Amino acid sequence: MAVLRVKFTKTKRDKLAQILWILNWVSVVSGVILFSLGLFLKIEIKKRNEVMAKGDINSVPNMLISVGVIACIINFLGGKICYDCSDANKFSRWKLVMLPYIVCTFCFTFCILVGALMCYTMRNELEESLYLGLRDAIKFYKDTDIPGRCFLKKTVDMLQIGFRCCGNNGFRDWFEIQWVSARYLNMASKEVLDRLKSNVDGKFLVDGVPFSCCNPSSPRPCIQYQLTNNSAHYNYDFLTEELNIWMKGCREALLDYYTAIMRSIGITALLIWLFELSVLIGVRYLQTAMKNVLLLGDLEGESDGWLLENSFVETAKYNISIIKNLGTANQISTVSGMNDPNIDVQNTNCGKTSVTTKSIPA
C-alpha cells in the first residue's frame, strides 16, 4: 500500500510544478546563505587562530561551505526539471533522471541536518582548542624578541581588551608564568634576584597581571601588581573587594562568543533543512504523479502521487535485499554440472579443417 497517496488532476500537477520551480530558486538563495554562514564562521575562527590549537574546529565551516555550493547546483538543476515537468512531453526527457535526483537531494538534505547538529556539538572541541592555544599564547607572552612569537603579546593584549577578559581561566593564570621579559628586569635589584632564586625554575613570578587586564570603567586606578597584598595598597582587601581587573577568563569569553554564533548558524541551518525537505517531498509527489500519467496514457486525466509506493517496512526489506544481492551478482555458480565457467561459451572453428556433423555435440 502506497504511503501518503494523493490524487492529482492536470491543473494540480501544473500548479505543483510551477510552485516547485519557484521554491527551487529560493533554495538556490538558501544555498548562498549556507555558504556565506560557513565562510563567516571560518573567517571568525581564523581571526583568533593564534590563540587556538590546531584541531578539527574548521570541520563545521567547511561542511557549511560545501553544502552551500552543492545546494546551489542541485536546486538550479531541480528548478529546470520542475519547469519542464509542467509538460508531459518534456517530462519524458527527465523520467530516468528524476529518481536518482531525488535520492541525491535526500542525501544532500541529510548533510544539511548534520551540519546544523555539528554547530551544537562543536563546543567541546572548541573549548579544548582555546584552552591549549591560550595556554601557549600566555606562556610566550614575554617573547617579544623571538621570531614567530613577537606578535603574541599584542594578540593577547588586544584579546583581553576586546573581550574584557584576563588570563586563560582567570587572572590568577598570570601568577604562574613569567610574563615580564628578562630584558626589562633590573638584575642589580635585590628584590628581582630574590624572586629569581626563590623559584625552582629560576622564573620571575609576581602576583600581577598585564595592563590589558585593567577595567577602565573602575573608579579606582588600576591595581595590576601585588594583587594579593593588602598592605601594598590603601584601603584594599582583595578577598572582599571587587578587583578593578577583568574577572572572566578569555577561554570562557571566547567560548561564549563562538557559541552564540554557532547557535544562530545552527538554527538557520535547521530552518533551511526543513525548507529543503518540504521541497524534496513536493518533487517526489510530482515525479510519481507524472510517472503514473505516462503509464495511464491519458495526459489530461487524473493520477496518483505518493512518497513511497509500498509501506516503510516493505521498502526497507526491498532495499536491503538489493544491497545483499550486490555482492553475489558476479559469483560463478557451483551447482553440479555448472562448475565449468566455459561450459556455455560457444567456440567457432575458423580453421580449414572440416568437421563432420556427428562430431558436433548436440
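Residues numbered from 1 in each chain as written. Predicted model: local features only at pLDDT ≥ 70, side-chain atom pairs only at ≥ 80, totals over all residues. Heavy atoms only, no water.

**A few points about the overall build of the chain**
Then comes step 1: When its secondary structure is counted, the chain shows 8 helices and 2 strands.
Then comes step 2: Mapped from its N terminus to its C terminus, the chain presents α and β elements in the order β-α-α-α-α-α-α-α-β-α.
Then comes step 3: Each of the 362 residues in the chain was classed as buried or not, and the buried ones make up 39%.
Then comes step 4: Partitioning the intrachain contacts of the chain with sequence separation of at least 6 by distance along the chain shows that 73% fall at a separation of at least 24.
Then comes step 5: Within the structure as shown, the chain displays about 22,100 Å² of accessible surface, and the carbon and sulfur contribution to it stands at 61%. (Helix = DSSP H or I, 4+ residues; strand = E, 2+ residues; numbered from the N terminus. Buried < 20%, exposed > 50% of the residue type's maximum accessible area, 1.4 Å probe, protein only. Contact = heavy atoms within 4.5 Å. Areas by Shrake-Rupley, 256 points an atom, 1.4 Å probe, with all protein chains shown as cover.)

**Quick notes on helix H7 (residues 250-296)**
Then comes step 1: Its 47 residues give H7 an end-to-end C-alpha distance of 68 Å, which sits within 8% of 69 Å, the value for a rise of 1.5 Å per residue.
Then comes step 2: Positive backbone phi, approximately 85°, marks glycine 297, located one or two places after H7. (Expected span 1.5 Å × (residues − 1).)

**Quick notes on the side chain of threonine 288**
Then comes step 1: Within the secondary structure layout, threonine 288 lies in helix H7.
Then comes step 2: Take threonine 288: its relative accessible area is 4%, and that puts it in the buried class.
Then comes step 3: Separated by 3.1 Å, the side chain of threonine 288 and the backbone oxygen of tyrosine 285 make a polar contact.
Then comes step 4: The residues touching threonine 288, leaving out its near neighbours within four places in the chain, are Asp304, Gly305 and Trp306. (Polar contact = N/O pair within 3.5 Å; in protein donor to acceptor, adjacent residues only side chain to side chain.)

**Brief notes about the state of the cysteines**
Then comes step 1: Taken as a whole and judged by the stated rule, the model has 3 disulfides.
Then comes step 2: Between the sulfur atoms of cysteine 166 and its disulfide mate cysteine 213 the distance is 2.1 Å. Disulfide cysteine 166-cysteine 213: the torsion about the S-S bond is 85°, which places it as right-handed. Residue cysteine 166 is located in the loop between helix H5 (152-163) and helix H6 (190-198), and its partner cysteine 213 is located in the loop between H6 and H7; the two are separated by 47 residues in the primary sequence.
Then comes step 3: What makes cysteine 166 buried here is its relative accessible area of 0%. (Disulfide = S-S within 2.5 Å.)

**Comments concerning the packing of H5 against H7**
Then comes step 1: At a closest axis distance of 10 Å, the pairing of H5 and H7 adopts a crossing angle of 65°. You can see that H5 and H7 cross each other, and the crossing is left-handed. Residue-level contacts link Leu159, Gln160 and Phe163 of H5 to Cys250, Ala253, Leu254 and Tyr257 of H7.
Then comes step 2: Looking at the contact of H5 with H7 residue by residue, the classes come out as 6 nonpolar, 1 polar and no charged. (Axes fitted to C-alpha atoms, helices over the stretch in contact; angles between N-to-C directions. Left-handed = near helix turned anticlockwise from the far one by under 90°. Nonpolar A, V, L, I, M, F, W, Y, C, P; charged D, E, K, R; others polar.)

**Remarks on the UniProt feature "transmembrane region" (unreviewed entry) in the chain**
Then comes step 1: Per the UniProt record, the feature "transmembrane region" (unreviewed entry) sits at residues 20-40, 60-78, 98-120 and 265-286.
Then comes step 2: Secondary structure across residues 98-120 divides into 100% helix and 0% strand, with the first and last C-alpha atoms of the span separated by 34 Å. (UniProt positions renumbered as here; feature names shortened; annotations may be inferred.)

**Some thoughts on the packing of aromatic side chains**
Then comes step 1: Tallied over the full model, the rule gives 8 aromatic pairs.
Then comes step 2: With a centroid separation of 5.3 Å and 70° between ring planes, the pair formed by tyrosine 257 and tyrosine 258 is classed as edge-to-face.
Then comes step 3: On the accessibility criterion, tyrosine 257 (28% relative accessible area) is partly exposed.
Then comes step 4: Its relative accessible area of 1% is what places tyrosine 258 among the buried residues.
Then comes step 5: By the ring-pair criterion, three or more aromatic residues cluster together here, those being Tyr141, Trp174, Trp179 and Tyr225.
Then comes step 6: Over the face of the ring belonging to phenylalanine 140 we find arginine 149, whose NZ or CZ atom lies 3.8 Å from the ring centre. (Phe/Tyr/Trp six-rings, centres within 6.5 Å; stacked < 30°, edge-to-face > 60°. Lys NZ or Arg CZ within 6 Å of the ring centre and 35° of its normal.)

**Looking at the pattern of salt bridges**
Then comes step 1: Throughout the structure, instances matching the rule amount to 11 salt bridges.
Then comes step 2: The closest approach of N and O atoms between aspartate 194 and lysine 190, which form a salt bridge, is 2.8 Å. One end of the pair is aspartate 194 and the other is lysine 190, both in helix H6 and 4 residues apart, which spans about a single turn.
Then comes step 3: By relative accessible area, which is 37% here, aspartate 194 ends up partly exposed.
Then comes step 4: Connected through shared salt-bridge partners, Glu44, Lys47 and Arg48 make up one network. (Salt bridge = Lys/Arg side-chain N within 4 Å of Asp/Glu carboxyl O.)

**Focus: the environment of serine 303**
Then comes step 1: Here serine 303 shows up in strand S2 (residues 303-305).
Then comes step 2: Taking the relative accessible area as the measure of exposure, serine 303 reaches 2% and is therefore buried.
Then comes step 3: When the C-alpha atoms of serine 303 and alanine 289 are compared, they prove to be 5.6 Å apart, with 14 residues separating the residues in sequence.

**Examining the side chain of glutamine 178**
Then comes step 1: Within the secondary structure, glutamine 178 is located in the loop between H5 and H6.
Then comes step 2: Residue glutamine 178 is classed as buried on the basis of its relative accessible area, which comes to 12%.
Then comes step 3: A distance of 3.1 Å separates a polar side-chain atom of glutamine 178 from the backbone oxygen of valine 180.
Then comes step 4: A distance of 3.0 Å separates the side chain of glutamine 178 from the backbone nitrogen of phenylalanine 204, its partner in a polar contact.
Then comes step 5: Non-local contacts of glutamine 178, meaning those with residues more than four positions away in its chain, are made with Lys142, Leu185, Gly202, Lys203, Phe204 and Leu205.

**Structural notes on a nonpolar patch on the surface**
Then comes step 1: Where nonpolar side chains cluster on the molecular surface, the patch consists of Trp21, Ile22, Trp25, Val26, Phe76 and Tyr83 and spans about 620 Å² of accessible area.
Then comes step 2: For the nonpolar patch, the element with the highest residue contribution is helix H1 (residues 10-47), accounting for 4 residues. (Patch = residues over 30% accessible without salt bridge, like charges linked within 9 Å, V, L, I, M, F, W, Y side chains within 5 Å.)

**Digging into the confidence of the model for the chain**
Then comes step 1: With 82% of its residues at a pLDDT of 70 or more, the chain has an overall mean of 81.
Then comes step 2: Confidence, read as mean pLDDT per element, is least for helix H8 (residues 312-326) in the chain (67) and greatest for H5 (93).
Then comes step 3: Taken as a whole, residues 332-345 scores under 50 in pLDDT and shows 5 contacts with residues more than four places along the chain or in a different chain. (pLDDT = per-residue confidence, 0-100.)

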